[in-house]
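# Survey of secondary and tertiary structure
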Amino acid sequence: LRQGMDRVLRACLQVFTIRASGNALKLDGGEGSSVGKVWIYDNNPGYLYDYRGGESVTFWDYFERRRGSKTPLKDLADVAGVALPSPQPDEKPEFVAGVHPRVLRACLQIFTRELGESNTGKEVMRYLREKRGYSAEIVEKMGIGALPDTYKLQKELYKLPLEKKYADFFVKKLGRFGAHRLAIPCFGERGRLEGFIFRTIEETKDGTPKYRNMPRMETDGGVMNFGRGTEEIVVVEGIVDALLLKAHGRGNVVSLIGCNLNDAQIVKLAEAGVKRIVLCLDNDAAGRKATRRVVERLLSSEASLEPFVAELPDGVKDADEAIRAHGFEAYDEIIERAKGVG
């Protein structure tokens, strides 16, 4: 059932192009009392965020618990207008980065729950609130969380109706991420959870990298949390910056793994319908060099994508700093003033 649900949710994300409810109609056709109160966020597919109750609920739980449905999978399929796949008992799950997909999805909830449960989780939350200036509501929308200790993670994963070997394999993969406690979910263009990127929350002096990717994670060629359906995208370096902007309604922002955009990525974006790329990479020597390199690649590509370059103010390193120093309206102006090049 859960496998079927995932397929239905992916179909839903292709069918539902809304981000917020535009009318007060309920699913049964009745009139509600609120407009624009229920949102779907790109970085947390499969979930509805209800501002009336201030909580996030899965499509499945909405049908099963809120509406009392005995057949949530069928109801989801009916709403999406898709046919359920025929039962295939012997079909093996499609592993993601070598990990059972149910383990990954469970971790999405475990990591976000950890923010308010353990000392480590509270340290991560304090970093997000005090150093980065995010509200608890924005953190929830971003879908980021904290990595629990090995024993706790294994104990939680053992609750899944799976053979323990799948949990053990995943826990073993994460054994080397001890210093990287901030967990950042990464979704592919079809809304599938591809894995996590882990980040340190304090400066390290021993050469430890700030970010570490989960091994074998598919990153759509390096463009993370990219959704189809937009002609213009804004490219930033930091995945946290991109999630922050998405949580504030800037849905066309994507991030790079590193600061490069290769030919395969350019072709992929063009095939998805993108026509214009606004580069807002870091305002330092590496970022400026990367910007020049990406522009040259875009201009020489047969994909015919129009490059624009956004100029950050002096003394501002990246999009996150620009927002913290000058606000979202100033960031929007920076993007609007981006210059076409070529």
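The structure presented is a predicted model; accordingly, all values stated were derived computationally and were not measured. (Residues numbered from 1 in each chain as written. Predicted model: local features only at pLDDT ≥ 70, side-chain atom pairs only at ≥ 80, totals over all residues. Heavy atoms only, no water.)

## Re the side chain of Arg132
Applicable threshold: Numbering goes from the N terminus for both helices and strands, where a helix is a DSSP run of H or I of at least four residues and a strand is a run of E of at least two. Only protein chains enter the accessibility calculation, which uses a 1.4 Å probe; a residue whose area is less than 20% of its type maximum is buried, one above 50% is exposed, and one in between is partly exposed. Two N or O atoms count as a polar contact when they lie within 3.5 Å, although within protein this holds only if one can serve as hydrogen donor and the other as acceptor, and sequence-adjacent residues are included solely when both atoms are side-chain atoms. A contact between two residues is defined here by any heavy atoms of the two lying within 4.5 Å.
With respect to the helices, strands and loops of the structure, Arg132 is situated in the loop between α5 (119–131) and α6 (136–142). The buried category is assigned to Arg132, whose relative accessible area is 10%. A distance of 3.0 Å separates polar atoms of two side chains, one belonging to Arg132 and the other to Tyr134. A polar atom in the side chain of Arg132 sits 3.4 Å from the side chain of Asp241. With near-sequence residues (within four places) excluded, Arg132 lies in contact with Tyr127, Arg199, Val240, Asp241, Asp320 and Arg324.

## Quick look at the packing of helix α12 (residues 319–326) against helix α13 (residues 328–336)
Where we set the bar: As a rule, the C-alpha atoms of each element are fitted with a line to give its axis, helices using only the stretch in contact, and angles between N-to-C directions run from 0 to 180 degrees. Comment on the angle field: the value is read as roughly parallel under 35 degrees, roughly antiparallel over 145, roughly perpendicular from 65 to 115, and oblique elsewhere. Gly counts as polar in this scheme, as do all residues outside two lists: the nonpolar Ala, Val, Leu, Ile, Met, Phe, Trp, Tyr, Cys and Pro, and the charged Asp, Glu, Lys and Arg.
At a minimum axis distance of 7 Å, the contact between α12 and α13 shows a crossing angle of 130°. Considering their axes alone, α12 and α13 lie oblique with respect to each other. The segment α12 lies against α13, with Ala319, Ala322, Ile323 and His326 engaging Phe328, Ala330, Tyr331 and Ile334. Counted by class, the contact of α12 with α13 contains seven nonpolar, one polar and no charged residues.

## Digging into the packing of aromatic side chains
Any aromatic ring pair is given by two values, namely how distant the centres are and how the planes are angled relative to each other. Convention followed: Centre distance within 6.5 Å is the pairing criterion for rings of Phe, Tyr and Trp, where only the six-membered ring of Trp is used; planes under 30 degrees apart are then read as stacked, over 60 as edge-to-face, and the remainder as tilted.
Inspection of the entire model under this criterion finds four aromatic pairs. A ring pair is formed by Phe111 and Phe196, whose centres lie 4.8 Å apart and whose planes are at 70°; its orientation type is edge-to-face. A residue pair is termed long-range when its members are at least 10 positions apart, and Phe111 in helix α4 (residues 101–114) and Phe196 in strand β6 (residues 193–199) qualify at 85 residues. Taking 6.2 Å as the distance between ring centres and 70° as the angle between the ring planes, the aromatic pair formed by Phe111 and Phe198 counts as edge-to-face.

## Details of the pairing of strand β9 (residues 232–236)
Moving residue by residue along a regular strand, the side chains alternate between the two faces of the sheet. The line we're drawing: DSSP calls a pair of strands paired once it identifies at least 2 bridges connecting them. Place the viewer so that the strands point away; then a crossover is right-handed whenever the path from the first strand over the helix to the second strand goes clockwise.
A large share of β9 lies buried, amounting to four of its five residues. Strand direction decides the pairing type here: β9 and strand β11 (residues 276–279), joined by four bridges, are parallel. In the strand pairing of β11, Val235 is matched with Leu279. A crossover links β9 with its parallel partner strand β10 (residues 253–256), the connecting element being helix α9 (residues 239–247), and its sense is right-handed.

## Some details on unusual backbone geometry
For residues other than glycine, phi is negative in most cases, and the peptide bonds are mostly trans. With phi around 55°, Ala97 is a residue other than glycine that occupies positive phi space. With respect to the helices, strands and loops of the structure, Ala97 is situated in the loop between α3 (72–80) and α4. Taking the relative accessible area as the measure of exposure, Ala97 reaches 10% and is therefore buried. The backbone phi angle of Ser304 is positive, close to 60°, even though this residue is not glycine. With respect to the element layout, Ser304 can be found in the loop between α11 (285–300) and β12 (306–309).

## Topic: the packing of α4 against helix α7 (residues 150–157)
Filter applied, for reference: Handedness of a crossing is defined here by the sense of rotation of the near helix relative to the far one, left-handed for an anticlockwise turn of less than a right angle and right-handed for a clockwise turn.
Orientation of α4 relative to α7, taken along the N-to-C sense of each, is 130°, at an axis distance of 10 Å. Classified by the angle between their axes, α4 and α7 sit oblique to one another. Crossing handedness for the pair α4 and α7: right-handed. Taking contact as the criterion, the partners of Val103, Ala106, Cys107, Ile110, Phe111, Arg113 and Glu114 in α4 are, on α7, Lys152, Leu153, Glu156 and Leu157. Counted by class, the contact of α4 with α7 contains seven nonpolar, no polar and four charged residues.

## Re the sheet that holds strand β4 (residues 145–146)
An order of β4-β5-β6-β7 is seen for the four strands of this open sheet, with the pairing classed as antiparallel. The sheet terminates laterally at β4 and β7 (211–213), the two strands that pair on one side only. Judged from the three bridges that link them, β6 and β7 form a sheet pairing that is antiparallel. Opposite Phe198, over in β7, you have Arg212 as the bridge partner. Where α4 meets the sheet, it contacts β4, β5 (182–187) and β6, and its direction lies at approximately 35° from that of β6.

## A few points about the pattern of salt bridges
Formally: Salt bridge, as used here: a side-chain nitrogen of Lys or Arg that lies within 4 Å of a carboxyl oxygen of Asp or Glu.
For the structure on display, the rule yields 17 salt bridges. Across the salt bridge formed by Lys152 and Glu117, the nearest N and O atoms sit 3.0 Å from each other. A residue pair is termed long-range when its members are at least 10 positions apart, and Lys152 in helix α7 and Glu117 in the loop between α4 and α5 qualify at 35 residues. Judged by its relative accessible area of 22%, Lys152 falls in the partly exposed class. Given a relative accessible area of 44%, Glu117 falls into the partly exposed group. Put simply, Glu333 and Arg337 hold a salt bridge, and the shortest N to O gap is 3.5 Å. Exposure remark for Glu333: the relative accessible area of 42% places this residue in the partly exposed category. It is possible to trace a salt-bridge network through shared partners that takes in Arg113, Glu114, Glu117, Lys152, Glu156 and Lys159.

## Observations regarding the sheet that holds strand β3 (residues 55–58)
Backbone hydrogen bonds hold the strands of a sheet together, and the pairing may be parallel or antiparallel. Taken together, the three strands give an open sheet; going across it, the order is β1-β2-β3, and neighbouring strands pair in antiparallel fashion. Strand pairing shows two members of the sheet lacking a second neighbour, β1 (38–39) and β3, which therefore form its edges. Here four bridges tie strand β2 (residues 47–50) to β3, and the two strands are oriented antiparallel to one another. Each bridged residue has a counterpart across the sheet, and for Asp50 the counterpart in β3 is Glu55.

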